[in-house]
Amino acid sequence: MDSEVDRPAPAIEGAARSRELSPVPGWVGIVRVAAAAAAATDPPASFLCRARWGRLAWYDVRGPRPFVELLWALEELSATLCEVCGAPAVQRETWERGIHTLCPRHAVDVAVAGPKVGDVYDRAWALLRNTQ
Ligand SMILES: [Zn+2]
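Residues numbered from 1 in each chain as written. Predicted model: local features only at pLDDT ≥ 70, side-chain atom pairs only at ≥ 80, totals over all residues.

Q: How should I be thinking about the overall build of the protein chain in this particular structure?
A: When you go through the protein chain residue by residue, the secondary structure sums to four helices and four strands. Each helix (α) and strand (β) of the protein chain, taken in turn from the N terminus, gives the series α-β-β-α-β-β-α-α. By the burial criterion, 30% of the 132 residues in the protein chain qualify as buried. Long-range contacts, defined as pairs at least 24 residues apart, comprise 42% of the intrachain contacts of the protein chain with a sequence gap of at least 6. (Helix = DSSP H or I, 4+ residues; strand = E, 2+ residues; numbered from the N terminus. Buried ≥ 20, exposed ≤ 12 C-beta atoms within 10 Å, placed from the backbone. Contact = placed C-beta atoms within 7 Å.)

So, in structure tokens, the structure goes:
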């Protein structure tokens, strides 16, 4: 089944450090867009983010209005992309873990993993590292 793992989110050069900023592997591409925009703002903007209710939640945001508006748009985008692999997804209510945005494949993986759900995300992180 792992041979079917979806391709990682599109890479953006020069933002390697932002991988750790993303709370989940599926949203690395989104957070890289935000990091690139922050770096391109003068003076540089900044932000932190976490996953909350199946979408990116930004905090400690510093930057001009257009940058903040970009973050809002990226937050909307995150609610449509799988937290694990970045494929098109919908927000799903999960057993005991609240709302998460998952593609059909990872909705199954997460349900099967149960309390070991962290393994599903760890495998996706490992895959990202191996393809960079
Ligand atoms: Zn997925």
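Next, the rest of the story.
Q: Help me understand unusual backbone geometry in this model?
A: The general pattern is negative phi for most residues beyond glycine and trans for most peptide bonds. Following Asp42, the chain continues into Pro43 via a peptide bond in cis, with omega recorded as 0°. Inspection of the secondary structure puts Pro43 in the loop between helix H1 (28–40) and strand E1 (46–52). Located in the positive-phi region is Trp53, a residue other than glycine, with phi close to 55°. Tracing the chain through its elements places Trp53 in the loop between E1 and strand E2 (55–62). Unlike most non-glycine residues, Asp60 shows phi in positive territory, near 50°.

Q: Sorry if this is basic, but what is going on with the pairing of strand E4 (residues 98–102) here?
A: Here is the key point about a regular strand: its side chains alternate between the two faces of the sheet. Relative to E4, strand E3 (residues 90–94) runs antiparallel, the two being bridged by five bridges. For Arg92, the partnering residue across the bridge sits in E4 and is His100. What sits between E3 and E4 in their antiparallel hairpin is a turn of three residues, with Glu96 showing a positive phi close to 70°. (Pairing = 2+ DSSP bridges.)

Q: Before we go on, may I ask you to explain the nonpolar core in this structure?
A: Note that soluble globular proteins tend to have their nonpolar side chains buried in a common cluster. Counting 23 residues, the largest nonpolar core has Trp27, Val31, Ala34 and Cys82 as its most contacted members. Listed by contribution, the elements that provide at least two residues to this core are H1, E1 and helix H2 (65–78). No other element matches the six residues that H1 contributes to this core. The residues touching Trp27, leaving out its near neighbours within four places in the chain, are Ser22, Leu56, Ser78, Leu81, Glu83 and Gly86. (Core = buried A, V, L, I, M, F, W, Y, C linked by C-beta atoms within 7 Å.)

Q: What should I look at first to understand the confidence of the model for the protein chain in this one?
A: Keep in mind that low pLDDT regions are not for reading the predicted coordinates in detail. Here the protein chain averages 87 in pLDDT, and 84% of its residues register 70 or above. Averaged pLDDT values over the elements of the protein chain bottom out at 92 in E3 and peak at 97 in H2. This stretch, residues 1–19, has a pLDDT under 50; its non-local contacts, to residues over four places away or in other chains, come to 23 contacts. (pLDDT = per-residue confidence, 0-100.)

Q: Just to check I follow, could you spell out the environment of Gly63 for this structure?
A: With respect to the element layout, Gly63 can be found in the loop between E2 and H2. You can call Gly63 partly exposed: it has 19 C-beta atoms within 10 Å. In this structure the C-alpha to C-alpha distance between Gly63 and Pro43, which are 20 residues apart in sequence, comes to 8.0 Å. Sequence-distant contacts of Gly63, defined by excluding residues within four places in its chain, comprise Ala38, Thr41, Ala45, Ser46 and Val68.

Q: For this particular structure, what's the right way to read the packing of H1 against H2?
A: Angle between the axes and distance between the axes are the two parameters that describe a pair of packed helices. Close contact between H1 and H2 brings their axes to 10 Å; oriented N to C, the two are set at 175°. When the axes of H1 and H2 are compared, the pair comes out roughly antiparallel. Taken together, the residues of H2 that come into contact with H1 (itself represented by Ile30, Val33, Ala34, Ala37 and Ala38) are Phe67, Leu70, Leu71, Leu74, Leu77 and Ser78. Its residues assigned to classes, the contact of H1 with H2 shows ten nonpolar, one polar and no charged. (Axes fitted to C-alpha atoms, helices over the stretch in contact; angles between N-to-C directions. Parallel < 35°, antiparallel > 145°, perpendicular 65-115°, else oblique. Nonpolar A, V, L, I, M, F, W, Y, C, P; charged D, E, K, R; others polar.)

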